There are 4 protein chains.
Amino acid sequence: MTEGTSRIEAFSDGVFAIAITLLILEVRLQHVGSEGSLGTSLIVLWPYYLAFALSFFVILVTWIAHNDLMRLVRETTRPLQLANGLALFYVTFIPFPTAVLAAHLDGADIRTAVAFYCGTFVLGSVAFNLLVETISRGHLLRPEVDPRTLERVRRGYHITFLIYVAATLLALVAPWVALVLNVAVRLQILRVHFHRPAAAVPSPKRHSLPL
Amino acid sequence: MTEGTSRIEAFSDGVFAIAITLLILEVRLQHVGSEGSLGTSLIVLWPYYLAFALSFFVILVTWIAHNDLMRLVRETTRPLQLANGLALFYVTFIPFPTAVLAAHLDGADIRTAVAFYCGTFVLGSVAFNLLVETISRGHLLRPEVDPRTLERVRRGYHITFLIYVAATLLALVAPWVALVLNVAVRLQILRVHFHRPAAAVPSPKRHSLPL
Amino acid sequence: MTEGTSRIEAFSDGVFAIAITLLILEVRLQHVGSEGSLGTSLIVLWPYYLAFALSFFVILVTWIAHNDLMRLVRETTRPLQLANGLALFYVTFIPFPTAVLAAHLDGADIRTAVAFYCGTFVLGSVAFNLLVETISRGHLLRPEVDPRTLERVRRGYHITFLIYVAATLLALVAPWVALVLNVAVRLQILRVHFHRPAAAVPSPKRHSLPL
Amino acid sequence: MTEGTSRIEAFSDGVFAIAITLLILEVRLQHVGSEGSLGTSLIVLWPYYLAFALSFFVILVTWIAHNDLMRLVRETTRPLQLANGLALFYVTFIPFPTAVLAAHLDGADIRTAVAFYCGTFVLGSVAFNLLVETISRGHLLRPEVDPRTLERVRRGYHITFLIYVAATLLALVAPWVALVLNVAVRLQILRVHFHRPAAAVPSPKRHSLPL
């Protein structure tokens, strides 16, 4: 009656896919005045494109990290369902701070908007740290996974948590730098074993800076 | 040509995943006036965050309960498709009472809004009771499942039905207490075998207070 | 490299699940004036509940019929992808006539609204007839399926097509009767082998009035 | 720990299914004035129907092409996840240019709107070209696939890229011709082996003009 992690992965994939697709609903011409030509309106809408692209990238990387993490797991338990639920709570929330960011990226409230946006990632990081703890304490690792892998994943999550806190504080002073820092963290997460095909490194060394 | 329950589970997972993700569409800055700073607006929006979090939690627990229930089932029949359809009808409806709740949580109509919100769970409870009856009368249990399991699940669903009716009536007098009661019921559903990993208890003793 | 019908079923399930869940987005308090109490508003909103329930039922039955039909199919071809695409086009369109119906169910334009709503099912019926033709001409039936099954399915689809045309014309005179006729057709589709479990009748006799 | 391409296909299917279903949210009566009868409003809404149908067709064909392409792939790597992510970025973006197109199809800004719409397909073509390159450089082809197949697929993608650029420029002069050209390209993609069932041609000759 154990089912591994296929149901929880399918549900999570669904939530990720919907959240990433809903982002486009916030990009609409009505957000800019209808004065001027359509061409001008399409250009003035740039903060919405940027926020859309940014959050798309964030959710995509989070999906990849979630994928990598769940591949280490051998079965679903109640605590795993709840910790994963909290991680999905964060993912479904992302469209709102994205809309806030888009609406204020070229306005006076940019500092607040970016801090709110970055603060969401702090919440997300807490959720993913909790997910790693749940896997660790529940001894949910697949038998073939080197236990040191999880240790390194956990350390990576601790570090990214600190970076997200720093980015949120930084946003109050230099919002654009905070946004760049957020992109940089994700690029680092992706780069870790970018050029090594998944099959070649079957067990560990996956995340060093996940989420 | 029997296909077990994989198609019906996949469809249901899809509906759950979409309903839970659509909740965020109701959290929008336009719901509070644009006077004051962005920071103030983000704080004034608290009823929307709370309603979002509450309904996210409700749908997540419902998904977990649905999962647990369908794991006991051995095949899909027409009545099961219809009873499950009614359960999904309830799930897709949730975003509307959530929006009503969010809009009136700090207003004069809070009693009506919370009663409407709780009343939705009464409907949902009817649907899930019907689903359990359908499984029982159709003899759809997997052969390895102890028949007493279903008996206990059914009793659990009867009790939660009564609690949801009580919460709805309570809402007309003490709306906040009704909301807390709703959370408490779900925590109880989750706690039942929280500390026992799924694999250790393969067949029964799952739900005692589901949905 | 043949993959059976699993990808096309997964994609279709996704579209059905999303279309059925999006219906709730049309149920909103803003559609009725904000005068009067919340209780009154929730009652005045009845056309929206009714249209939501009706279309939920329609999509659910269509999903069940689609399921039953695809179970007869042994592989995916390009024409099948296109005919199925047309069927999904119809399914994704349903939220719009549903919104039109809800907004005019208690107004002067009820005849036009119901005719438009019923007309959508004529389009849908054309799509499903085409899907059956595609399966028939492409010889896509699973070998174990009795060929007479498809003949009876096809005849059923022809009849429902005529009923949907009749309902659309009827809508211009007696809109409520047309709506009831639509529900009746779906109940008939479901009833055909309601009391026989799927496993007992593995091959034919499934649809006599599908879609 | 290699998982083939099932997770990435499931996630992509989800995104395609959601993007194609969200298109209908842009078809709403509010877009035309409420003066005149409902019948008139439903007719005046024709640009929205047309844009909806057009983009539905585009996403459907893109899904079919994506399907065909991923069937050639033997495993998921980080670069494949990213290249596929860019392709999905394009797919999720489509609802926005569709909304722009619908709102300006019978107005003065039709040239800009169609050019913007066609320009999106140039971006999409870049993403799919990148995806093919990633498969090629990562040696991700299934062993049983004839290497010349990928060569022909890649050439096809190069040609469609040029056609999309041409259509975008053409849109500034003759917008309707540009739209027809876009439909024609997709019909050509589909026609390539329209009458040959998938099973008969198991390996190559699939795409000659994909995307």
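Procedures and definitions
- Residues numbered from 1 in each chain as written.
- Chains lettered and ligands numbered in written order.
- Predicted model: local features only at pLDDT ≥ 70, side-chain atom pairs only at ≥ 80, totals over all residues.
- Heavy atoms only, no water.
- Helix = DSSP H or I, 4+ residues; strand = E, 2+ residues; numbered from the N terminus.
- Buried < 20%, exposed > 50% of the residue type's maximum accessible area, 1.4 Å probe, protein only.
- Contact = heavy atoms within 4.5 Å.
- Areas by Shrake-Rupley, 256 points an atom, 1.4 Å probe, with all protein chains shown as cover.
- Buried area = accessible area lost by both parts, 1.4 Å probe.
- Salt bridge = Lys/Arg side-chain N within 4 Å of Asp/Glu carboxyl O.
- Polar contact = N/O pair within 3.5 Å; in protein donor to acceptor, adjacent residues only side chain to side chain.
- Nonpolar A, V, L, I, M, F, W, Y, C, P; charged D, E, K, R; others polar.
- Least-squares fit on C-alpha atoms with pLDDT ≥ 70 in both.
- Axes fitted to C-alpha atoms, helices over the stretch in contact; angles between N-to-C directions.
- Parallel < 35°, antiparallel > 145°, perpendicular 65-115°, else oblique.
- Left-handed = near helix turned anticlockwise from the far one by under 90°.
- Patch = residues over 30% accessible without salt bridge, like charges linked within 9 Å, V, L, I, M, F, W, Y side chains within 5 Å.
- Phe/Tyr/Trp six-rings, centres within 6.5 Å; stacked < 30°, edge-to-face > 60°.

(A) Examining the overall build of chain A more closely. From N to C terminus, chain A includes 8 helices and 0 strands. Overall, chain A shows an N-to-C arrangement of helices and strands of α-α-α-α-α-α-α-α. By residue count, 62% of the 211 residues in chain A fall in the buried class. Counted over contacts in chain A with a minimum sequence separation of 6, partners at least 24 positions apart contribute 75%. When the accessible surface of chain A is totalled, it reaches about 7600 Å², and 65% of it is carbon and sulfur.

(B) Seen up close, the interface of chain A and chain B. Taken residue by residue, the interface counts 34 residues in chain A and 41 residues in chain B. When chain A packs against chain B, close to 3300 Å² is buried across both sides, 72% of that on carbon and sulfur atoms. The interface formed by chain A and chain B includes 4 salt bridges. A salt bridge links Glu26(A) to Arg28(B), with the shortest nitrogen-to-oxygen separation between them at 3.4 Å. Connecting chain A to chain B are 6 residue pairs in polar contact (both at pLDDT 80 or more). Looking at the side of chain A that touches chain B, the elements with two or more residues in it are helix 1 (6-22), helix 4 (78-93), helix 5 (95-104) and helix 6 (110-137) of chain A. Of the residues in the side of chain A that touches chain B, the class split is 19 nonpolar, 9 polar and 6 charged.

(C) Expanded view of the relation of the copies chain A and chain B. For the pair chain A and chain B, the relating rotation is 90 degrees, the translation along its axis is 0.0 Å, and the fit reaches an RMSD of 0.0 Å. Such a combination of turn and shift is consistent with a four-fold rotation axis. A low fraction, 9%, of the interface residues of chain A reappear at the interface in chain B, so the copies pair through non-equivalent surfaces.

(D) The packing of helix 1 (residues 6-22) of chain C against helix 1 (residues 6-22) of chain D, seen in detail. For the pair helix 1 of chain C and helix 1 of chain D, the least separation of the axes is 9 Å and the interaxial angle reads 40 degrees. Comparing their axes, helix 1 of chain D and helix 1 of chain C come out oblique. You can see that helix 1 of chain C and helix 1 of chain D cross each other, and the crossing is right-handed. Here Arg7(C), Ala10(C), Phe11(C), Gly14(C), Val15(C), Ile18(C), Ala19(C) and Leu22(C) of helix 1 of chain C lie close against helix 1 of chain D, whose contacting residues are Glu9(D), Asp13(D), Phe16(D), Ala17(D), Ile18(D), Ile20(D), Thr21(D) and Leu22(D). Looking at the contact of helix 1 of chain C with helix 1 of chain D, its residues break down into 11 nonpolar, 2 polar and 3 charged.

(E) Here's a closer look at the relation of the copies chain D and chain A. Of the two same-sequence chains, chain D is brought onto chain A (RMSD 0.0 Å, axial shift 0.0 Å) by a rotation of 90 degrees. The overlap is low: 9% of the interface residues of chain D also sit at the interface in chain A, so different surfaces are used on the two sides.

(F) Examining the side chain of Thr134(A) more closely. Residues and elements named next belong to chain A. In this fold, Thr134 is placed in helix 6. Judged by its relative accessible area of 14%, Thr134 falls in the buried class. Within the structure, Thr134 has its side chain in polar contact with the backbone oxygen of Leu130 (distance 2.6 Å). When sequence neighbours within four positions are dropped, the list of residues in contact with Thr134 reads Pro79, Leu80, Ala83 and Leu140.

(G) Quick look at the pattern of salt bridges. Under the defined criterion, the tally for this structure stands at 44 salt bridges over all chains. Salt bridges here are not isolated pairs; linked through shared partners, they connect Glu133(A), Arg137(A), Glu151(A) and Arg154(A).

(H) Seen up close, a nonpolar patch on the surface. Residues and elements named next belong to chain A. Residues Trp46, Leu50 and Trp176 make up a contiguous nonpolar surface patch of about 290 Å² in total accessible area. Mapped onto the fold, Trp46 is located in helix 3 (residues 46-70). The partly exposed category is assigned to Trp46, whose relative accessible area is 37%.

(I) Local environment of the packing of aromatic side chains. Scanning the entire structure with this criterion turns up 56 aromatic pairs over all chains. The interplanar angle of 15 degrees and the centroid separation of 4.0 Å between the aromatic rings of Phe11(A) and Trp63(B) together place this pair among those described as stacked. Placement of the pair is Phe11(A) in helix 1 and Trp63(B) in helix 3 (residues 46-70), with the two residues belonging to separate chains. You'll find Phe11(A) and Trp63(B) in the same group, each marked buried. On the basis of an interplanar angle of 65 degrees and a centroid distance of 6.0 Å, the ring pair of Phe96(A) and Tyr49(B) is categorised as edge-to-face. Residue Phe96(A) is found in helix 5, and its partner Tyr49(B) is found in helix 3; the two belong to separate chains. Owing to a relative accessible area of 3%, Phe96(A) belongs among the buried residues under this scheme.

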